[in-house]
Structures are given as structure tokens and as C-alpha cells.
Amino acid sequence: MSAKRQAADFEPVDQSDYLEFVALGGGNEVGRSCHIINYRGKTVMLDAGVHPALNGLSALPFYDDYDLSTVDILLISHFHLDHAASLPYVMTHTDFKGRVFMTHPTKAIYRWLLSDYVRVSAISSNDASTLYTDADLNASFERIEAIDYHSTTEVEGIKFTAYHAGHVLGAAMYFIEIGGIKILFTGDYSREEDRHLNIAEVPTERPDILITESTYGTSTHQPRVEKETRLLNLITKTIVNGGRCLLPVFSLGNAQELLLILDEYWQNHPDLDGIPVFYASSLARKCLAVYQTYINMMNDSIRKKFRDDRSNPFQFKHIRSLKNLERFDDLGPCVMVASPGMLQNGVSRELLERWAPEAKNAVILTGYSVDGTLAKQILNEPSEFSSIAGGGIKVPRRLYVEEISFAAHVDYKQNSEFIDLVNASNIILVHGEQTNMGRLKSALLSKYKDLRQTENEVKVFNPRNSEELRLPFRGIKVAKVMGSLAAKPPMDGQIISGILVQKNFEMSVMAADDLKEFSGLTTSSVIQRQSIAVEVSAELIKFHLEQMFGTLKDATAASGIGYTIMDSVNVFWKPKSIVIEWEGNMLNDAIADSVLAILLSVESSPMSVKISSKPSHCKANFNRPEKIERVLVFLDSQFGSAVEPMENPDDGVYISIDGHIATVNFRNMDVICSYEPLRSRVTHVLDHAVDTILPFDFGSDDSDESSSSITVKGESSS
């Protein structure tokens, strides 16, 4: 990238917290629109156009500045060349492997419009090379997926919904959601009511980022009625004076709007019946067929006429289609609506050169004129201009030049109002010449200056081509509880335990038994067994395991004497062998490793030798205080300061750990505790003390019995 720009109010956790935006085209310019959004490993490309003032590879967006193999989806906003004409190149001549989406009308027009572009480019190109061939175009067409307005599509965790943009038939704004971050891309859009299109919609959800056009900057359009009056008066004046009137247009777009205006005007003025109105485009009939097909996607006015009058408004009564100029008898006054709109080549360019020398003729530019095109140049009313034939030939210009824009782009008032309605905290300006874009940015910053340094601050960016813009976001992670875990509402403070399942950016918590139904995942258990050879008794095995794990559960079965350790690992003893069995998982594997280490050391342990070589009874001539003192040594070594003597130290002690209290009675060696882990641990320590050092009877102090069997009892209190 040529440059990086970063907007941050805090230091994100990691790089994935940044949303990256790159304009490969359409940054501080109009033409070759192409924008990249990357967030949390997901990449979206918006549009893939060409620059109308340039030819060949130089007309492309800066595709070499980005790895297109990482793009997941490509969304085309509408069919105009500056937004869609490099799509076949991307799909057939780059590493792009993603999926492509556009609306049904856009796809219907796409093949015809770009086929005409390939033909015209091949004719007008000085070098024989073109960006792609008809074969490339057909190959790309097969991979395009058509979508409906207002239907949400999800691809690899990326959700997007198309809304009416009002620019041309099939034009869409895209509301995109990636990892909880919401983005609205307007493409080219219009909020002005016209004769056939719906105005741009405002999505019901508020986006975090708005990517919007800035074509007209801070300019304000003339009211619609006044524009139509100016246009029709100028046309009438020209033809009354015997002149010819040229209206350069795109094949599809504002051309249909102008044709509706002209057809209605001719219908209301019978005196003009003798003056022909032509629609000159190689795609004229096909284009009108598309408009006739998709009337249901137009505004209420068109649908009402179609429904009530049983007539198609695009079956014009006063407009004649003209495929090429070979059949055109240029003998008198006429009105010619011809493509292309930028006057770079084609029918409109040929007619301009033919009619330019006569002052009685007029050219009315009805769309936006991009810098570097003849349409932009002719607005300055030069005395002459270069012929498309080349060779230094100049064409004198005497015809009248006027600009009455019917381009379906928002002006400052419409754009500003829409931005307010959308209410995004980050605004990225695209599709505007540097001056217009800069003025719009300044106007917006001035408008929202009172919100600076507040939580509602609005930030405005106008990145140049190939300049990386990085916006920090910390998405909130939310997990839905599903299945049996969601059967009852949770209580305050309740801990919900389950399996966390993440698919793309959606997380769910569910029980293992619900995995198949709610996530499509299946579960399996791996039971692991390991056998080792030993020459020790079952009692000795139990003793060593209890030293580490405390109380064991009996698991004796047909396979042998058995013990269950921490409800996870089973140990079965048979003469000369031991089998360890457990269900494989991270926790159980760790416990099994500890059990195995203990069992492998049993035979060589000094404690094993001591226990197995001494008798079960011993003689000891200790008095009661000495016996209690030796028991306290063991308790102190295990529990330290947690041991507190009773009021009468000879009666016993209290052991307090983490709010749990165990009572040890020296009279009968009972251990009472409501917390089972602590009770089990204290009982085990007392057992060890009695068995190892003091096998005595805590009877009366006068007892002469010097040896006896002692039992330590543990009881749980409720």
C-alpha cells in the first residue's frame, strides 16, 4: 500500500480489532470504483469498474496493490461501466476465487452492456489489446449469483442485504455485517423522486460505517420541475430553428428517464409530431426489453400505469430505436438520445463531430461528466476539439453547449439528510473528484463539530486510491444458550456449563447431547486402556493412590478389584497386573498420567517397604498428652495455621479452610464436616497418623492396654 491512515481512540487488543478499508479505485476520483473491506479475516470487495477517460490496463483499479485471492465475496452495486466493467477481468485474469453477487436486473443487463463495451473498445483502441474477450465475459456471467432486494444472504460469516438505491434499474445499496460490525455501502444513489425508480431506502438498522458517494460534493441540484422545463424549452427552441439536438447518455440509466419525459412531451404537443425523436444505441431494443420486464421493481407510478392502463410505459409512442447510423437519414431537425454519455466513442461521438460545426445545433449534457473525457472538455466550449479519427484532425465547435444534469446522484442537501438518517459514527467518502470530496468532508465536519470529543462523535474520511484506512472496533462477543440448557431461564449468579460452539462469528453454548441437533456436529468417545505388570497387593495400590487423590470409590467388577479416581479414571487390580481405563480428554489424560506415574513407583517406594514389612499392631508406652501431641504434628504439617484447638485442647481441634470447618474429636477420632473434600482429606491424614506412628486406643488415661486397633471415622454433617 502507498500509505496508511489510522483512526483510533484506544489501543485494540490485537490486530484483528481493526477494520481495514482500501479504495483500489474511486478514491478522490470518479471512475473505476473498487473498494476493499477486511475485518477479522473476512474480505469483501465492492464494485469492479473501469475509468471512462482511460483505456486498456490503465483504466483498471489498482488490482496489483491487493491480494485478490483473499476476497470472499464481490458485490456489484449496478451495471454502469465505472462500477462493473472490469468484473470479467477480475474473474478470469486475476487470482480472485470468491463469489460474485448482484441484483436480477443488473445481471440481466450485465452481459449485453459489457458485450457492447468489448466491441466498442476493440474498435476504438489504438492497440489491438482489450481487457478481456467475449469468452471471458461469458465465463464470468455463469459464476454470478443474482439476489433479491431485502433478502439477507450469508457467506462464510458475512451477511449482506440489498436495498433500493434509486440510481438506475437494479442499483443496490448493500448493508453488510461482519463479526458484529455493520457497514452500509451506498454505491451511486438518488433520493430524488423521478418517473420510474424508487428512491434510495434507509435501512432499518444503524450501521457503524457508512461508505457513501460524494459525486456532487456541496453542490445543490436545480428543482426537478425547473430542470425539465429548461430541457424541453431548449430542445423546442433548437428544433424550431431547424437544428438538431444531441443528448449523450449511458445506454441504461438516465436515458430511460429522459425518454419518458420526451415521450410524454411529444404526446402533449401534437405540433411536434413531424419532428422525430431517436434513441440511438446498439443495445436500444434489448435495454428497453429489460425495463419492460422488471416493471415490478420500479416505483408506484410506473406500476400503477401498467396495472390500470394495461400498457407498458416503456413501449414508447413517439420514440424510434436506432441501432446504428447507417439507417439514419440526417435531413432535418431531430432529437437524438445517444450513447455513450462521456462522448469518448460510439454513436454520440460520431454525431457530435458531424453536428458540431453548425451553430443551430445543440448538445445537452444530461449526466455527470468525468474529468479527462470529451464531455467534460466540451463544457468549457472550446473552439475546436480532436477528432476520434486521430491524425491531428480538429473538429470546429460552433454548436450550443448546455449542461442540465439528470444524473441520478444525490446533491449535498440530499446526501446530508441521508447521512443524518443513517446516523453512522464513521463516514468514508468515495466516488468524487478531489475538490468536491474535500468540500463535502469539510462541510460534514463543520456540521458535526459540536459532537467532537463525545461518544457521538462523527468521523469523516476521504482516503486516496491504495491508501489503507484502519478503523478500530471491539466487537462484543455474545453466545446463545441453546437446547436443553435453555429449557429454563437462568437464575442470577447461576453458572451455565456446556460446550461452546463457534461457527464464523456466531457462538452457542449447548449440552453435548444437543450438539448434533443444533450444530450439526457429532460426538464420539475414545476409551483408553493401559496395562502394567506389578507384584504388589491391591491394598498397597489403594494406599498409594489415596496419598495423592484422597478417598477412592469402589469399582470392583468382574475384571478385578477396582477403584475410581476423581470420577474419571478406573484402576483394576489383578494378580501381577493392573489395568488403567479412562475416557480420553485433556483433563482425564492428565489424571491418568498421574495415576500411571504413581503405579510405576509403587514397588520401589520406601513407604511400600515400610508398610509391607511391619506388623499391623505395635506396642507403645505413650500417655494421652504424648499421643495427642504426635497427632497434632501431622495435622499441623498438613493444615498449618488452619488448625485451631477447642476450648479444651484435649477434646480436639477445628480445621478452617475457605469458609469450611472440619471438627476433629480426639475422644473417638471422629471427623465431622459438611464439605466432603475437606472431611475426606482430614480423615485421610488421621488415618495416616495412626497407621504410621501412633496405633493406640484413645480410651481412658488409666488404661494399661498398650496396643490395640484404632479406627478413624469420618461423618458428613448436614
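Just so it is clear, the model here is predicted, and its values are computed rather than measured.

A. Structural view of the pattern of salt bridges. If you walk through the whole model with that rule in mind, you get 29 salt bridges. Between Arg349 and Glu353 there is a salt bridge whose closest N-O contact spans 3.0 Å. Separated by four residues within a single helix, Arg349 and Glu353 lie in helix α9 (residues 346-355), roughly one turn from each other. Of the two residues, Arg349 and Glu353, both sit in the buried class. Between Glu417 and Lys413 there is a salt bridge; the shortest N-O distance is 2.9 Å. Here Glu417 and its partner Lys413 are both found in helix α11 (residues 412-422), four residues apart, which amounts to about one turn of the helix. Using a relative accessible area of 43% as the deciding quantity, one classes Glu417 as partly exposed. Linked by salt bridges that have partners in common, Glu192, Arg195, Arg224, Lys227, Glu228, Glu257 and Glu264 make up one network.

B. Looking closely at the confidence of the model for the protein chain. Per-residue pLDDT for the protein chain averages 86, and the proportion of residues at 70 or more is 90%. Least confident of the elements in the protein chain is strand β1 (residues 3-6), whose mean pLDDT is 54; most confident is strand β5 (residues 73-75), at 98. Segment residues 614-619: pLDDT under 50, and nine contacts once partners within four positions in sequence are set aside and those in other chains are kept. Segment residues 694-710: pLDDT under 50, and 35 contacts once partners within four positions in sequence are set aside and those in other chains are kept.

C. Quick look at the packing of aromatic side chains. Enumeration over the complete set of coordinates arrives at 11 aromatic pairs. In this structure an aromatic cluster arises from ring pairing among Phe101, Phe160 and Tyr174. Over the face of the ring belonging to Phe406 we find Lys227, whose NZ or CZ atom lies 5.3 Å from the ring centre.

Parameters at a glance
Residue indices begin from 1 for each chain and proceed along its sequence in written order. In keeping with the predicted nature of the model, local features appear solely for residues at pLDDT of at least 70, side-chain atom pairs appear and are counted solely at 80 or more, and the whole-chain, interface and lining totals rest on all residues. Calculated side-chain values reflect all of the structure's heavy atoms, with hydrogen atoms and water omitted. We count a salt bridge whenever a side-chain nitrogen from Lys or Arg sits within 4 Å of a carboxyl oxygen from Asp or Glu. We count a stretch as a helix when DSSP gives it H or I for four or more residues in a row; a strand needs E for two or more, and each element gets its number in order from the N terminus. Type-normalised accessible area, obtained with a 1.4 Å probe on protein chains alone, sets the label of each residue: buried when under 20%, exposed when over 50%, and partly exposed for intermediate values. Every residue carries a pLDDT, the predictor's confidence in it, which falls somewhere between 0 and 100. Residue contacts are counted whenever heavy atoms from the two residues lie within 4.5 Å of one another. Pairing of aromatic rings covers Phe, Tyr and Trp, the last counted by its six-membered ring, and requires centre-to-centre distances within 6.5 Å; plane angles under 30 degrees mean stacked, over 60 mean edge-to-face, and any other angle means tilted. By definition here, charges over rings are those cases where NZ of Lys or CZ of Arg is within 6 Å of the ring centre and within 35 degrees of the ring normal.

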